[in-house]
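Here is how the chains run, residue by residue.
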Amino acid sequence: QVQLAESGGGSVQAGDSLRLSCAASGLRFSLYTMGWFRQAPGKQRELVAAITRGGNINYADSVKGRFTISRDNAKNTVYLQMNSLNLEDTAVYSCAARLRPDSAYGHWGQGTQVTVSS
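Here is what the cut-offs are and how they apply
Residues numbered from 1 in each chain as written. Predicted model: local features only at pLDDT ≥ 70, side-chain atom pairs only at ≥ 80, totals over all residues. Heavy atoms only, no water. Core = buried A, V, L, I, M, F, W, Y, C linked by side-chain atoms within 4.5 Å. Buried < 20%, exposed > 50% of the residue type's maximum accessible area, 1.4 Å probe, protein only. Helix = DSSP H or I, 4+ residues; strand = E, 2+ residues; numbered from the N terminus. Contact = heavy atoms within 4.5 Å. Polar contact = N/O pair within 3.5 Å; in protein donor to acceptor, adjacent residues only side chain to side chain. Pairing = 2+ DSSP bridges. Axes fitted to C-alpha atoms, helices over the stretch in contact; angles between N-to-C directions. Disulfide = S-S within 2.5 Å.

### Let's talk about the nonpolar core
Note that soluble globular proteins tend to have their nonpolar side chains buried in a common cluster.
Line of reasoning, step 1. Grouped together as the largest cluster of nonpolar side chains are 29 residues, with contacts concentrated most on Met 34, Trp 36, Leu 80, Met 82 and Tyr 93.
Line of reasoning, step 2. At the level of secondary structure, the elements contributing two or more residues to this core comprise strand E3 (18-25), strand E4 (33-39), strand E5 (46-51), strand E7 (67-72), strand E8 (77-82), strand E9 (91-98) and strand E11 (112-117).
Line of reasoning, step 3. Beyond its immediate stretch of four places on either side in the chain, Leu 80 contacts Leu 18, Arg 19, Leu 20, Trp 36, Val 48, Ala 49, Phe 67, Thr 68, Ile 69 and Tyr 93.

Right, dumping it as structure tokens:
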């Protein structure tokens, strides 16, 4: 059974940093593309960052230069370092996994809340 468990969310002030972690189990982690998504109240879920098994990375334009995604295959964990947080970053952040570039993200975590206040 595949499980993705996020941690590291919380309430911070604008300009602060947070590091999210997503620990995976029940899958061959190193083979999967891992993504971080977020959903703010009243908005659609959006892809924030993704990292392929080969280490290729892409970011949403809104987080480029502020967020960094990384993975540790030995620990079956993907991270999202978030710096210079602003109010618009407030959302529930979820990690997800997909095996092939042309497939949907089929495994999801439950999400962790990130709240940024002024």
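More follows now that the structure is in view.
### Here's the deal with the side chain of Arg 38
Line of reasoning, step 1. Assignment of secondary structure puts Arg 38 in strand E4.
Line of reasoning, step 2. The class for Arg 38 is buried, based on a relative accessible area of 6%.
Line of reasoning, step 3. Separated by 2.6 Å, the side chains of Arg 38 and Glu 46 make a polar contact.
Line of reasoning, step 4. With residues up to four places along the chain from it excluded, the contact list for Arg 38 reads Gln 44, Arg 45, Glu 46, Val 48, Ser 62, Val 63, Phe 67, Glu 88, Asp 89, Ala 91, Val 92 and Tyr 93.

### Notes on the sheet that holds E3
Line of reasoning, step 1. On the basis of which strands lie adjacent, the open sheet formed by 4 strands has the order E1-E3-E8-E7 and antiparallel pairing. Either end of the sheet is taken by a strand with one partner, and the two such strands are strand E1 (3-7) and E7. The mean inter-strand angle of the sheet, taken between neighbouring strand axes irrespective of direction, is 15°.
Line of reasoning, step 2. Across 5 bridges, E1 lies against E3 in antiparallel orientation. In the strand pairing of E3, Ser 7 is matched with Ser 21.

### Side note on unusual backbone geometry
Line of reasoning, step 1. For Asn 76, which is not a glycine, the phi torsion comes out positive at approximately 50°.
Line of reasoning, step 2. With respect to the secondary-structure elements, Asn 76 resides in the loop between E7 and E8.
Line of reasoning, step 3. The phi angle at Ser 84 is positive, at roughly 50°, despite the residue not being glycine.

### A word on the state of the cysteines
Line of reasoning, step 1. Scanning all chains against the criterion turns up 1 disulfide.
Line of reasoning, step 2. The side chain of Cys 22 participates in a disulfide bridge whose partner is Cys 95; the two sulfur atoms lie 1.9 Å from each other. Residues Cys 22 and Cys 95 share a disulfide whose torsion about the S-S bond is about 55°; that sign makes it right-handed. A residue pair is termed long-range when its members are at least 10 positions apart, and Cys 22 in strand E3 and Cys 95 in strand E9 qualify at 73 residues.

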